[in-house]
Amino acid sequence: MDFSNRTVVITGAAGNLGQALANGFAAADANLVLVDLDATRLKSAFGADSEKRALVPANLLKREEAQRVVDAARQRFRKVDVLCNIAGGFRMGEAVHETSDETWTFLFDLNVRTLLNTVRAAVPAMIEAGGGKVVNVGAAGALRGGATMGAYAAAKSVVIRLTESMSAELRDRNINVNCVLPTIIDTPENRAAMPDADPARWVAPADLASTIMFLASDAARAIHGAAVPVAGRS
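Here is a short report on the structure shown in this document. Everything quoted here is computed from the prediction, not taken from an experiment.

Quick notes on the packing of helix α3 (residues 63–77) against helix α4 (residues 101–129)
Where α3 contacts α4, the axes come no closer than 7 Å and their chain directions differ by 35°. When you trace α3 past α4, the crossing you get is right-handed. Counting all contacts with α3, which are made through Arg63, Ala66, Gln67, Val70 and Arg74, the residues of α4 involved are Asn117, Thr118, Arg120, Ala121, Ala122, Ala125 and Glu128. Taken together, the residues that form the contact of α3 with α4 break down as 5 nonpolar, 3 polar and 4 charged.

Laid out in structure tokens, this is it:
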């Protein structure tokens, strides 16, 4: 896949999936705007800014910070062609009837509010430029609730519904909106949390990144509103 002269914004870029995705797009010659909450983590993961890479620390829970990211992308590279909403995360919660406000707010802020703020900033820029691609990260666990996972499943379900709604709203504006639904991703954190599991059955970050890149490519121009399972052998 060739992303020459394309500008790709990746949120949650310093995480395991974000780094794999950034490496994939860099190999495809994209201009990168790499976003994470912590400037130190960004620099540790990617070094300094370069001709084709801008590191932008931002708190995406704040709408003005998300707008600053898009403004920085346009100032540096003139446009935003692709938005990959990787920022998000998982945490076990409580039984639904015992769910705390802290758990509910944390998981919805992390997985939904960050996405909402970034699309509110990026989509108008895409419309102005004549098109673009948005790829969100849902979860296979959003398709069915599980014990002590109600808040997480609900938050990731919202990601799927927002993806579908955005697709219906934007497909006639030449903007493709899709999402991926991974199962367990093979990360050091998941290996430490599940030492008896077989990580060979999980989803490698590079493989999930390849699926996201496909959805961001011209080859996926006919795909709108899809929720693509990425399960490895799990």
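Still more ground to cover, so stick around.
A closer look at the environment of Thr7
The residue Thr7 is located in strand β1 (residues 7–11) in this model. The contacts of Thr7, once residues within four sequence positions are left out, are Asn31, Val33, Phe77, Lys79, Val80, Asp81 and Val82. A polar contact of 3.4 Å, which involves the side chain of Thr7, links it to the backbone oxygen of Lys79.

Section: the nonpolar core
Here is a general trend for soluble globular proteins: nonpolar side chains tend to be buried in one another's company. By size, the foremost hydrophobic cluster in this structure holds 32 residues, and its most contacted members are Ile10, Leu21, Phe25, Leu34, Cys84 and Ile212. At the level of elements, β1, α1 (16–27), β2 (31–36), α2 (39–46), β4 (82–85), β5 (132–137) and α7 (205–215) are the ones that each hand at least two residues to this core. Those residues in contact with Cys84 that lie beyond four places of it in its chain are Val8, Val9, Ile10, Thr11, Leu21, Phe25, Val135 and Ile212. Within the second largest apolar cluster, 27 residues are counted, among which are Val9, Ala54, Val56 and Ala58.

Here's the deal with the pairing of β5
Each regular strand displays side chains that alternate between the two surfaces of the sheet. Summarising burial for β5: 6 of the 6 residues are buried, a large majority. The side-chain alternation of β5 yields two buried faces, one formed by Gly132, Val134 and Asn136 and the other by Lys133, Val135 and Val137. Bridging between β4 and β5 involves 4 bridges; their strand directions are parallel. Across the sheet, Cys84 pairs through a bridge with Val135, a residue of β5. Crossover handedness for the path β4 to α4 to β5: right-handed. Where β5 and strand β6 (residues 175–182) come together, 6 bridges link them in parallel fashion.

Here's the deal with the environment of Arg233
Structurally, Arg233 is set in the segment after β7 (227–230). A sequence separation of 30 residues divides Arg233 from Val203, and the C-alpha atoms of the two residues are 7.7 Å apart. When residues no more than four places from it in sequence are discounted, the contact partners of Arg233 are Ala200 and Arg201.

Focus: the packing of aromatic side chains
Throughout the structure, instances matching the rule amount to 3 aromatic pairs. Ring centres of Phe3 and Phe25 lie 4.8 Å apart, and the angle between their planes is 80°; on these two criteria the pair is classed as edge-to-face. Placement of the pair is Phe3 in the segment before β1 and Phe25 in helix α1, with a sequence separation of 22 residues. Among the residues examined, Phe25 registers a relative accessible area of 0% and is labelled buried. An angle of 90° between the planes, with centres 4.7 Å apart, marks the rings of Phe90 and Tyr152 as edge-to-face. One end of the pair, Phe90, is in the loop between β4 and α4; the other, Tyr152, is in helix α5 (residues 150–170), with 62 residues separating them in the sequence. Overall, Phe90 belongs to the partly exposed group, its relative accessible area being 47%.

Topic: the pairing of strand β3 (residues 53–57)
Pairing analysis gives 5 bridges linking β2 to β3, with the strands arranged parallel. In the strand pairing of β3, Leu32 is matched with Arg53. For the crossover that starts at β2, traverses α2 and ends in the parallel β3, the hand is right-handed.

Procedures and definitions
Residues numbered from 1 in each chain as written. Predicted model: local features only at pLDDT ≥ 70, side-chain atom pairs only at ≥ 80, totals over all residues. Heavy atoms only, no water. Axes fitted to C-alpha atoms, helices over the stretch in contact; angles between N-to-C directions. Helix = DSSP H or I, 4+ residues; strand = E, 2+ residues; numbered from the N terminus. Left-handed = near helix turned anticlockwise from the far one by under 90°. Contact = heavy atoms within 4.5 Å. Nonpolar A, V, L, I, M, F, W, Y, C, P; charged D, E, K, R; others polar. Polar contact = N/O pair within 3.5 Å; in protein donor to acceptor, adjacent residues only side chain to side chain. Core = buried A, V, L, I, M, F, W, Y, C linked by side-chain atoms within 4.5 Å. Buried < 20%, exposed > 50% of the residue type's maximum accessible area, 1.4 Å probe, protein only. Pairing = 2+ DSSP bridges. Right-handed = clockwise from strand over helix to strand, strands pointing away. Phe/Tyr/Trp six-rings, centres within 6.5 Å; stacked < 30°, edge-to-face > 60°.

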